[in-house]
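So the chains spell out like this:
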Amino acid sequence: MRLLAKILALGLLPMASAFAASQSTVLDVKNMTCSLCEVTVKKALQKVPGVEDAKVDYDHKTATVQFDPAKADTAALVKATTDAGYPSTPRR
Ligand SMILES: [Cu+2]
């Protein structure tokens, strides 16, 4: 029984912390040539499951994305903008 409790605790703790916080990441976005591109990139990011908020800055060529790390990851965000015609790289 104690072993079972341990397994449950180990299994559930990472999930609990994933639910608690959303993660924010900044992407450098290429190919944005006008403010309409900003909207296209924003929509592409918002379609990714787990994305809570996406702010795209045409002037700085960046996208700031807030997402649930349990559902989305940086790779999925990069893929979304790239598939829309705007390759991006995560900023560190
Ligand atoms: Cu444009």
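Residues numbered from 1 in each chain as written. Predicted model: local features only at pLDDT ≥ 70, side-chain atom pairs only at ≥ 80, totals over all residues.

The name given to the protein chain in an unreviewed UniProt entry is Periplasmic mercury ion-binding protein, with the source organism recorded as Noviherbaspirillum pedocola. As stated in UniProt under Function (unreviewed entry), the record for the protein chain gives "Involved in mercury resistance. Acts as a mercury scavenger that specifically binds to a mercuric ion in the periplasm and probably passes it to the cytoplasmic mercuric reductase MerA via the mercuric transport protein MerT." (UniProt positions renumbered as here; feature names shortened; annotations may be inferred.)

Taken as a class, soluble globular proteins show a tendency for nonpolar side chains to be buried jointly. Ranked by size, the top nonpolar core spans 16 residues in total, and within it V41, L45, A63 and V65 carry the most contacts. Contributions of two or more residues to this core are made by β1 (23-29), α2 (35-46), β2 (51-57), β3 (62-67) and α3 (74-83). Setting aside its immediate chain neighbours within four residues, V65 contacts S24, T25, L27, L45, V51, A54 and L77. (Core = buried A, V, L, I, M, F, W, Y, C linked by C-beta atoms within 7 Å. Buried ≥ 20, exposed ≤ 12 C-beta atoms within 10 Å, placed from the backbone. Helix = DSSP H or I, 4+ residues; strand = E, 2+ residues; numbered from the N terminus. Contact = placed C-beta atoms within 7 Å.)

Here we come to the pairing of β3. The two faces of the sheet receive side chains in turn, since in a regular strand these alternate between them. Here β3 shows a clear split, with A63, V65 and F67 buried on one side and none of T62, T64 and Q66 buried on the other. Relative to β3, β1 runs antiparallel, the two being bridged by 6 bridges. Along β3, the bridge assignment pairs L27 with A63. Taken together, the 6 bridges between β2 and β3 define a ladder with antiparallel strand orientation. Paired with A54 across the two strands is V65, which belongs to β3. Once β2 ends, the chain turns through 4 residues before running back antiparallel as β3, passing K61 with a positive phi of about 60°. (Pairing = 2+ DSSP bridges.)

When you line up the elements, A44 lands in helix α2. By the C-beta count within 10 Å, which is 23 here, A44 ends up buried. On a C-alpha basis, the gap between A44 and D83 in space is 8.4 Å, while along the polypeptide they are 39 residues apart. Setting aside residues up to four positions removed in sequence, A44 forms contacts with A80, T81, D83 and A84.

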